[in-house]
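Architecture at a glance
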Amino acid sequence: MKYLLLICSEGQGFDASPEEMDAQPWVDEMTARGVRLTGSRTRDAEDATTVRVRDGALLTTDGPYAETKEQMAGFDIIECADLDEAIEVASKHPVARHGMIEVRPFWTE
Amino acid sequence: MSHGGGAGRRGGGGATPAAGRGADGAAPAAGASGDRVKEAVAAAWSEEWGRVVAAVIALTGDWDLAEECAQDAFERALERWPGDGVPRSPGAWLTTTARNRALDRLRRAANEAVKLRQAARLAPEPAVSPPAVHEDGDDAVPDDRLRLIFTCCHPALPLPAQVALTLRSLTGLTTAEIARAFLVPEKTMAQRLTRAKNKIRHAAIPFRVPRREVLPERTAAVLAVLYLLFNAGYAPGAAGPDQRRVTGEAIRLARLLARLMPAEPEAAGLLALMLLHDARSAARTDRAGDLVPLEDQDRTLWDRARIAEGVEILDRALARRRPGPYQVQAAIAACHADAPGPQETDWKQIALLYGELARRAPSPVVELNRAVAVAMDEGPACGLALVEALAAAGELAGYHLLPATRADLLRRLGDRAPAAAAYREALELAPTEAERRFLARRLAEVEGPGTDGRAGEGAEEGTAGEGTAGEDRTAERS
């Protein structure tokens, strides 16, 4: 079962040190375990662009599609036996201790 | 998934032989023996539904199929048992029947799929894939029902769905009955159940007892759901027959959980707590349905056998020396149950236990209950000081038991005007009719000419309308 992990920070103002926020050990561990397929950090919401097409017209707006305190800071795609394993993997991500991780199952039929 | 044709016996879904419905299809059997068979099926429905559903989910991973095949198995029992006799182990008979039915239907569905593929001239599957058998070799799991309980109470499901799914999968209550108990339209409840089952499938919520590292918190979630079920029929003024049934099922499930998790003293603690509360149920309301405070209850109506059982289970749990919030609450309930009357109650011990509970599961509601116990032990003035401190902290703003408790303590101190004001405040906030009637009576007493508040009365359960309601709410939060 594949899951998308949305790595969410709560905006700026982390109390965490850069070492605490370093996800590389987690990436290494989960890649070696065969759980993490891919993923990346993403730029801040202020660097985002939202695209819509309405009645054939392109609408481009700056910023994310939803203004929330929580901002997506990155994502990972993991392959796990079940949700319990996905939760375990997500709980070990450093951002889980300061921000939060949303676990979304892939659509399968 | 298509479940194939079916043998034309499918009744209206949700028929409950237990309630004497859905029995129309049963072979007519000679009078008494027919009744005996119906009774046996009804008993098995209550006792074995969860086992049958759990076994089919364990075999197939398909929750809807499990419910349908369990239903089929019971309908089959109504047909077969009158002629064949009631089997020695009805649970085993029903489980085997349901599992065979599930395998038949999966095989038929698989065959149809193969035929379809052949018709479409696609390469045939190498073999008809057998139903997914979920054997994860976990020897520590002795009973599929334990896996079912943990899956129903998975924290990835919303709490109302956990509650509904636990009842539907483990107790055999129909969707309509569950909807009535929780006062929502049947359609809403059906959607809630469908969404929960969809999420289990879509997110791959596993059918198993959680790993050791997360077992304590997951167990706490299961206990919270069972206690919430218990309170459905126990909340003051809320208990109709549908809610009472849910309370009965909660006790049955707590009993099952305590048996399946013998190493978890909190499971036994929860069972003891339920038994000790339930033992008082006949005395808790009067004929008009009004709440009778603890100190006014006719203690001869208390179920002594239940109390003895609850105390014994609690003592065995406490002997394991791993106390937790449910064991502490059960110990408080046991203090009340042991006492011949309110005067002989060990309020000092109860105040200490509330202190212990506040340490383990901090909550202003627990503090309020402690204040009541302190008032009984050291006098209303001491209790009132604690209540005023709670009121000043503001955490319980809007909670009717806060002014109700203040009112009662003021009444006992003889401060009738402030007591009346506090009763009025409590009346505004009280959520149920029974509680409002109780408070209105008290208000009339303090406003009436010349009657003193009877000293030493208005304890815990009384003041607070229902001290246990406070405990209940605490447990729901923890």
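Note that the structure is predicted; figures quoted are calculated from it, not measured. (Residues numbered from 1 in each chain as written. Chains lettered and ligands numbered in written order. Predicted model: local features only at pLDDT ≥ 70, side-chain atom pairs only at ≥ 80, totals over all residues. Heavy atoms only, no water.)

Remarks on unusual backbone geometry
Excluding glycine, most residues fall at negative phi; most peptide bonds, likewise, are trans. The following threshold applies: Think of it this way: any DSSP run of H or I at least four residues long counts as a helix, any run of E at least two long counts as a strand, and we number them from the N terminus. Three labels apply to residues, based on accessible area from a 1.4 Å probe with only protein chains included: buried if under 20% of the type maximum, exposed if over 50%, partly exposed otherwise in between.
The phi dihedral of D55(A) falls on the positive side, at around 50°, and the residue is not glycine. Looking at the element boundaries, D55(A) is found in the loop between β3 (49-54) and β4 (57-62). Relative accessible area serves as the criterion here: at 85%, D55(A) is assigned to the exposed category. One non-glycine residue, L183(B), lies in the positive phi region at around 55°.

Topic: the domain arrangement of chain B
Residue and element names in this part refer to chain B. Note the threshold: Start and end points for every domain follow an automatic or database-based domain assignment. We call two residues in contact when some of their heavy atoms are within 4.5 Å. Salt bridges are defined by distance alone: a side-chain nitrogen of Lys or Arg within 4 Å of a carboxyl oxygen of Asp or Glu. Residue type decides the class: Asp, Glu, Lys and Arg count as charged, Ala, Val, Leu, Ile, Met, Phe, Trp, Tyr, Cys and Pro as nonpolar, and the leftover types, Gly among them, as polar.
Partitioning chain B into domains gives domain 1 (17-119) and domain 2 (143-238). Listed as interface residues are 14 residues of domain 1 and, on the opposing side, 16 residues of domain 2. Summed over the shared surface of domain 1 and domain 2, the number is 3 salt bridges. Of the charged contacts in the structure, one is a salt bridge between R168 and E67, with a shortest N-O distance of 3.5 Å. Of all the secondary-structure elements, those providing two or more residues to the side of domain 1 that touches domain 2 are α1 (31-60) and α2 (63-84). Residue composition of the side of domain 1 that touches domain 2, by class: 8 nonpolar, 1 polar and 5 charged.

Overview of helix α9 (residues 241-260) of chain B
Residue and element names in this part refer to chain B. Just so we agree on the cut-off: Expected helix span is computed as 1.5 Å times (number of residues minus one).
Along its 20 residues, α9 runs 29 Å from first to last C-alpha, staying within 8% of the 28 Å computed at 1.5 Å per residue. Where α9 is concerned, the buried positions are Q243, V246, T247, E249, A250, I251, L253, A254, L256, L257, A258 and L260. Along its buried surface, α9 packs onto α4 (144-152), α5 (159-171), α6 (175-181), α8 (215-232), α10 (265-278) and α12 (304-318).

Describing the side chain of T219(B)
Note that T219(B) resides in helix α8. Beyond its immediate sequence surroundings of up to four residues, T219(B) is in contact with F150(B), M261(B) and E264(B).

Description of the pairing of strand β1 (residues 2-9) of chain A
All names here are of chain A. Which entries qualify depends on this criterion: Pairing between two strands requires that DSSP report at least two bridges joining them.
The element β1 is largely enclosed, with a buried count of 6 among its 8 residues. Bridge count between β1 and strand β5 (residues 71-79): 8 bridges; the pairing is antiparallel. Within β5, the residue paired with I7 across the bridge is G74. In terms of strand pairing, β1 meets strand β6 (residues 100-105) through 6 bridges, oriented antiparallel. Bridged to C8 within β6 is M100.

Digging into the packing of aromatic side chains
Residue and element names in this part refer to chain B. What counts here: Planes of paired rings set the category: under 30 degrees apart is stacked, over 60 is edge-to-face and the rest tilted, where pairs are Phe, Tyr or Trp rings (Trp by its six-membered ring) whose centres lie within 6.5 Å. Consider the ring centre and the ring normal. A charge sits over the ring if Lys NZ or Arg CZ is within 6 Å of that centre and within 35 degrees of that normal.
In this structure the tally under the stated criterion is 7 aromatic pairs over all chains. Here the aromatic cluster, defined as three or more aromatic residues joined through ring pairs, consists of W45, W49 and F74. Here the basic side chain of R280 rests over the ring of W302, its NZ or CZ set 5.7 Å away from the ring centre.

Things to note about the interface of chain A and chain B
As a reminder of what qualifies: Once two parts are brought into contact, the accessible area they lose, counted with a 1.4 Å probe and summed over both, makes up the buried area. What qualifies as a polar contact is a pair of N or O atoms within 3.5 Å, subject to a donor-acceptor requirement within protein and to the restriction that residues adjacent in sequence count only when both atoms come from side chains.
Across the boundary between the two partners, chain A contributes 8 residues, which contact 10 residues of chain B. Both faces considered, chain A and chain B share a buried interface measuring about 720 Å² in area, 55% of it formed by carbon and sulfur atoms. Together, D82(A), L83(A) and D84(A) form the three largest contributors to the area buried by chain A at its contact with chain B, with a combined 63%. Our count for the chain A to chain B interface comes out at 3 salt bridges. In this structure, D84(A) and R218(B) form a salt bridge, with 3.7 Å as the shortest nitrogen-oxygen distance. In this assembly, chain A and chain B are joined by 4 residue pairs in polar contact (both at pLDDT 80 or more). Each residue belonging to the side of chain A that touches chain B can be placed in one class, and the counts come to 5 nonpolar, no polar and 3 charged.

Examining the confidence of the model for chain B
Residue and element names in this part refer to chain B. This is how the line gets drawn: pLDDT measures how confident the predictor is about each residue, on a scale from 0 to 100.
Chain-level pLDDT for chain B is 84 on average; 81% of the residues reach the 70-or-more range. Low pLDDT, under 50, characterises residues 123-141; the predicted model gives this stretch 19 contacts beyond four residues in sequence or across chains. Note that pLDDT drops below 50 for residues 452-478; the model gives that stretch 94 contacts with residues more than four away or on any other chain.

With respect to α8(B)
Taking 1.5 Å as the rise per residue, α8(B) with 18 residues should run 26 Å; its terminal C-alpha atoms sit 26 Å apart, in good agreement. With 13 of its 18 residues buried, α8(B) lies for the most part within the structure.

Quick look at the nonpolar core
Residues and elements named next belong to chain B. Spelled out, the test is: For the purposes of this section, nonpolar cores are sets of buried Ala, Val, Leu, Ile, Met, Phe, Trp, Tyr and Cys residues that join through side-chain atoms within 4.5 Å.
By size, the foremost hydrophobic cluster in this structure holds 127 residues, and its most contacted members are L148, L226 and L257. At 12 residues, α1 tops the list of elements feeding residues into this core. Here this core spans two domains, since at least three of its residues come from each of domain 1 (17-119) and domain 2 (143-238). Beyond its immediate stretch of four places on either side in the chain, L257 contacts L146, I149, V222, L223, L226 and A267. Within the second largest apolar cluster, 25 residues are counted, among which are A371, A430, L439 and V446.

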